[in-house]
Amino acid sequence: MSMLEHPETFWNQSPDALIQALRSEPNGLSASEAASRLVQVGPNSLKAREKTTAFGVFLNQFKSPIVLILLFATLISAGLGDWLDALIVLGIVLGSAALSFAQEYNANTATEKLRAQVQIKTTVVRDGQEQQVPAEAIVPGDMVLLSAGSLVPADGIVLEARDLFVNQAVLTGETFPVEKKAGPVEARARLAERTNCVFMGTNVRSGSGRLLVVQTGMETAFGQIAHKLTLRSPETEFERGVRRLGYLLSEIMFVLVIAVFATNVYFKKPVLDSLLFSIALAVGLTPQLLPAIINVNLSKGARAMADAGVIVRRLASIENFGSMDVLCTDKTGTLTEGVVRLDGALGVDGQSSDAVFRCAYLNAHLQTGLANPLDEAIISFASPDIASISKLDEIPYDFVRKRLGVVVQEGDTRQLIVKGALDNVLSVCTQVQGGSAVVPIDDTHHEAIRQRYADWSEQGFRVLGIAVKPVAQQSIYTRDDEHGLTFCGFLLFSDPPKPGVQATIADLADLGVRLKIITGDNRLVAQHTADAVGLEVTGILTGADLDNLHEEALWHAADRANLFAEVDPNQKERIILALKKMGHVVSYMGDGINDAPALHAADVGISVENAVDVAKDAADFVLMQQDLAVLHQGIVQGRTTFANTLKYVFMATSANFGNMFSMAGASLFLSFLPMLPKQILFINFLTDLPEMTIASDNVDPVLVQQPHHWNIAFIRRFMAVFGPLSSVFDYLTFAVLMWVFSANAETFRTGWFVESVLSATLVVFAVRTRLPFRHSRPSRAMLGMTALVTVIVLAVPYTPVADVIGFKALSLPLQVVMVGLALTYFASAEAAKRWFYRRFAM
């Protein structure tokens, strides 16, 4: 991709030589040069982004093999001289495609606008200044700054590194993060041995570094193997349900169509007419609008969720959002205000200490790794004079040590200041600050420190430890220098519950969603938070408890417990997978590096706009504000989307499906085809019109009160009841037409056209709700479209269109009888619905 020359084995080159080869500078490219290179090499992505075009969406309407076969058969018909019928069939097919196209194109363009609001950005140095640019705008020669949580945007060499550990399992399969250091390696080094290189698609686990970008897009190591990888996201529960429904309908359609075609040919009916008739039946049996209905529903749901502050990154996850019955989240920012405050810097004796705060301030102010609310709370608490202090080095935070070290110098004195989780800080301390003296730490000190820790934790404070150590002059300091420290005090932080969070938790419970807290905080703080927000604790599991449970025991224990404390990132993932094993649809909400595995594992991953890159990239949804109340609206919207999608399935499998079955049966005993192919397609077109309004239809409150899932057995039972019910009235119509009115072929087809379309149109109002139809108000669009179709159906036999399609004017008594049969069918469907939902529960 790149037009810039660089050595093929760039990892074997010195940084200066590579900077020169790429025509870059130590202070980065200029903005104008970067823009020029972006035009040359193209976007930094694995494939060109497919822009939604009107023509492309229109062509997608003809992907169905059934539609293609129908068009092919129509061309054969035209070739044999039947031009008029061929044009009519073609016109109806194009009309149906135009309907789907209009809905789908508007849905796609709206969705693209929403996705553009959430982009992964990278910190680069351009024009000598740090700035944020989209990852796709990275070019060879760029200087990229990496820190914990960063996604590596491209391949390149590390110019500077401070305890830089990178997770590159996606490329090498290595279980643990790998340390990266500056300096050339052998030209023959394999990918895993290139310790001076970082690669696109990997992420920074801890530390910080400076990257010189060498390769972008398809030139990267990830790009080279991308075509060999299965890059498709895991199938959602909803997608799985749609696929299984498709299999069910396809099997029924295939058997029926082949049988009808073979039987008609056997009885010496014209082969081409029989073929077109069978294919038209297949079109009628196929829920052609389902992809468009799903797309429109999802797009509408995405827009509604965006209005509520939730940006959808993966449309297919919206239904999963509605299906979820377990929500796992950390407490910070969701249950609590998320504005962490420093309540005190205390000495070992529990008294306020300026010296402890000064050490904490230096550590927080001078560290350059991952930004976090605890450091921000320290910095905003006060601003001591540190003009005489200079920073020598930094030992970045990681999730194993759970400590952060900064080395400072004041005059001739050099000191290492360590801040972190209390137990992890105490583990490297051999002394304690006792008043003005430093004394060896003993069991008495440990007991007193832990007692204070327990007391403060029970009050809801998060407690960190501070330790110091004088150090000698050396070129670099590492985690190996963290030993023999002097424990000098505590930092107490608070994050009070959000106002109204109790009501939000109660709302989620009313929606059938169980809340589970998963946090790295100790169990005492976690318990205090749960009590404060009104969450009734049904069980507590700590990280240590999880380590002692084998997988099957964890499944049941995780299901019972709703408070998990002192857990690490891998344990979070285990909890999510255990809950899924118990049959739950699980959502996980997180914003940190340690949340990425759980976000990937969950059915629904939720992050926030200011999350670290790796968390945002793993999420299906991004909240513009960290608030559980926003999730309530998202859940309701997800269930609304699912309910409206299911309405179409019920409509397609009741009157529509019954009509096609009846038509197939009638073709076996009538001396003529019960409907001509163009008439079947015209019926299909008209019955599609009201169904196109489903996305904007109202949903009964009862359907959003509990999570629902695809139930193919339930749909099969629905078809088994309402399909035959429709067929009963169809055959009753046949009997009336043949034996009461002695109808010829044209009159038969016209009478049945009126009855079948009115039946399919009216039954929409029965099957769209479980309630009595008069207690559930449909949308205005559905009412309006139904009225329009009714007028068209009743008028068509008396217009010039009738001659073209093959209909004829009906006598008034026959028209009245057909309308009466349709109304009787609607009343029967309404009665059958009440019996069905009493007998079967979805």
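Everything that follows concerns the structure shown earlier in this document.
Residues numbered from 1 in each chain as written. Predicted model: local features only at pLDDT ≥ 70, side-chain atom pairs only at ≥ 80, totals over all residues. Heavy atoms only, no water.

1. Considering the packing of aromatic side chains
Going by this rule: Aromatic rings from Phe, Tyr and Trp, taking only the six-membered ring of Trp, are treated as a pair when their centres fall within 6.5 Å; an angle between ring planes under 30 degrees marks them as stacked, one over 60 as edge-to-face, and anything in between as tilted. Only DSSP runs of H or I with at least four residues qualify as helices, and only runs of E with at least two residues qualify as strands; both kinds are numbered from the N terminus onward. Buried, partly exposed and exposed residues are distinguished by accessible area as a fraction of the type maximum, computed with a 1.4 Å probe on protein chains only: under 20%, between the cut-offs, and over 50%, respectively. Lysine NZ or arginine CZ positioned within 6 Å of the ring centre and within 35 degrees of the ring normal marks a charge as sitting over the ring.
Inspection of the entire model under this criterion finds 25 aromatic pairs. Judged by centre distance (5.3 Å) and plane angle (55°), the ring pair of Phe357 and Phe381 falls under tilted. Placement of Phe357 in helix H12 (residues 354–366) and of Phe381 in helix H13 (residues 373–381) is noted, with a sequence separation of 24 residues between them. What makes Phe381 partly exposed here is its relative accessible area of 45%. An aromatic cluster is built from Phe650, Phe714, Phe718, Phe722, Trp835, Phe836, Tyr837 and Phe840, whose rings are joined through pairwise contacts. Positioned above the aromatic ring of Trp11 is the side chain of Arg194, whose terminal nitrogen or guanidinium carbon lies 3.5 Å from the ring centre.

2. Concerning the packing of helix H26 (residues 745–762) against helix H28 (residues 780–795)
Quick reminder of the rule: To define axes, lines are fitted to C-alpha atoms, for helices over the stretch in contact only, and angles between the resulting N-to-C directions are given on a 0 to 180 degree scale. Here the angle decides the label: under 35 degrees means roughly parallel, over 145 means roughly antiparallel, 65 to 115 means roughly perpendicular, and every other value means oblique. Contacts between residues were defined by any pair of non-hydrogen atoms, one from each residue, lying within 4.5 Å. Amino acids are sorted into nonpolar (Ala, Val, Leu, Ile, Met, Phe, Trp, Tyr, Cys and Pro), charged (Asp, Glu, Lys and Arg) and polar (every other residue, Gly among them).
Two elements in contact, H26 and H28, have axes separated by 10 Å at closest approach and are oriented at 175°. The angle between H26 and H28 falls in the class roughly antiparallel. Of H28, the residues touching H26 (which contributes Phe753, Val754, Val757, Leu758 and Thr761) are Thr786, Val789, Thr790, Val793 and Leu794. Class assignment for the residues of the contact of H26 with H28 results in seven nonpolar, three polar and no charged.

3. Notes on the sheet that holds strand S18 (residues 514–518)
Counted only if it meets this: In short, DSSP must find at least two bridges between two strands for them to pair.
Taken in spatial order, the eight strands line up as S8-S23-S22-S21-S9-S18-S20-S19 in an open sheet, and their pairing is mixed. Single-partner strands in this sheet number two, and they are strand S8 (310–312) and strand S19 (540–542). Within the sheet, the average angular offset between the axes of one strand and its neighbour, ignoring direction, is 20°. The pairing of strand S9 (residues 326–329) with strand S21 (residues 586–589) spans four bridges and is classified as parallel. Bridged to Val326 within S21 is Val586. Running at roughly 110° to S18, helix H19 (residues 551–560) makes contact with S18, S19 and strand S20 (563–565) of the sheet.

4. Structural notes on empty space enclosed by the protein
Heads up, the rule is: A cavity, in this analysis, means grid points on a 1 Å lattice covering only the protein atoms where a 1.4 Å probe fits yet has no way out; a pocket is instead an open set bounded by protein on both sides within 12 Å along at least five of seven lines, and a residue lines either one if it has an atom within 4 Å of a point. Grid points are joined across faces, edges and corners, and a volume is the space filled by probe spheres set on the points.
On inspection of all chains with the given rule, the structure shows four cavities of 30 Å³ or more. If you go around the largest cavity, you meet 14 residues; those closest to its centre are Ala643, Leu646, Phe650, Leu703 and Arg770. At six residues, the largest contribution of residues to the lining of the largest cavity is made by helix H23 (residues 628–669). Grouping the constituent residues of the lining of the largest cavity by class yields eight nonpolar, two polar and four charged.

5. Description of the side chain of Arg401
Put simply, the rule is: Here a polar contact means two N or O atoms within 3.5 Å. Within protein one must be a hydrogen donor candidate and the other an acceptor candidate, and residues neighboring in sequence count only if both atoms are side-chain atoms.
Relative to the helices and strands, Arg401 resides in the loop between strand S11 (389–395) and strand S12 (403–410). Of note is the side chain of Arg401, whose polar atom sits 3.1 Å from the backbone oxygen of Arg403. Only 2.8 Å separates the side chain of Arg401 from the side chain of Glu482, close enough to count as a polar contact. Contacts of Arg401, omitting those with residues within four sequence positions, involve Ile395, Pro396, Asn424, Arg479 and Glu482.

6. Some thoughts on H13
Where we set the bar: The arc in question is the one traced by the directions running from the helix axis out to the C-beta atoms.
What H13 keeps buried is the set Leu374, Asp375, Ala377 and Ile378. For H13, the arc enclosing every buried residue in end-on projection is 160°, short of the 170-degree limit, so these residues lie on one face. Contacts from the buried residues of H13 go to strand S10 (341–346), H12, S12, strand S13 (413–421), strand S16 (462–470) and strand S17 (485–494).

7. Side note on the pattern of salt bridges
Heads up, the rule is: By definition, a salt bridge exists where a carboxyl oxygen of Asp or Glu is found within 4 Å of a side-chain nitrogen of Lys or Arg.
If you walk through the whole model with that rule in mind, you get 17 salt bridges. The salt bridge involving Arg37 is made with Glu33; its shortest N-O contact spans 2.7 Å. Linking Arg37 with Glu33, this pair stays in helix H2 (residues 31–41), spanning four residues, or about one helical turn. The exposure class of Glu33 is partly exposed, given its relative accessible area of 28%. Glu551 serves as the salt-bridge partner of Arg574, at 3.1 Å between the closest nitrogen and oxygen. One end of the pair, Arg574, is in helix H20 (residues 569–581); the other, Glu551, is in helix H19, and 23 residues separate them in sequence. Among the charged side chains, a network of salt bridges with common partners joins Arg401, Arg403 and Glu482.

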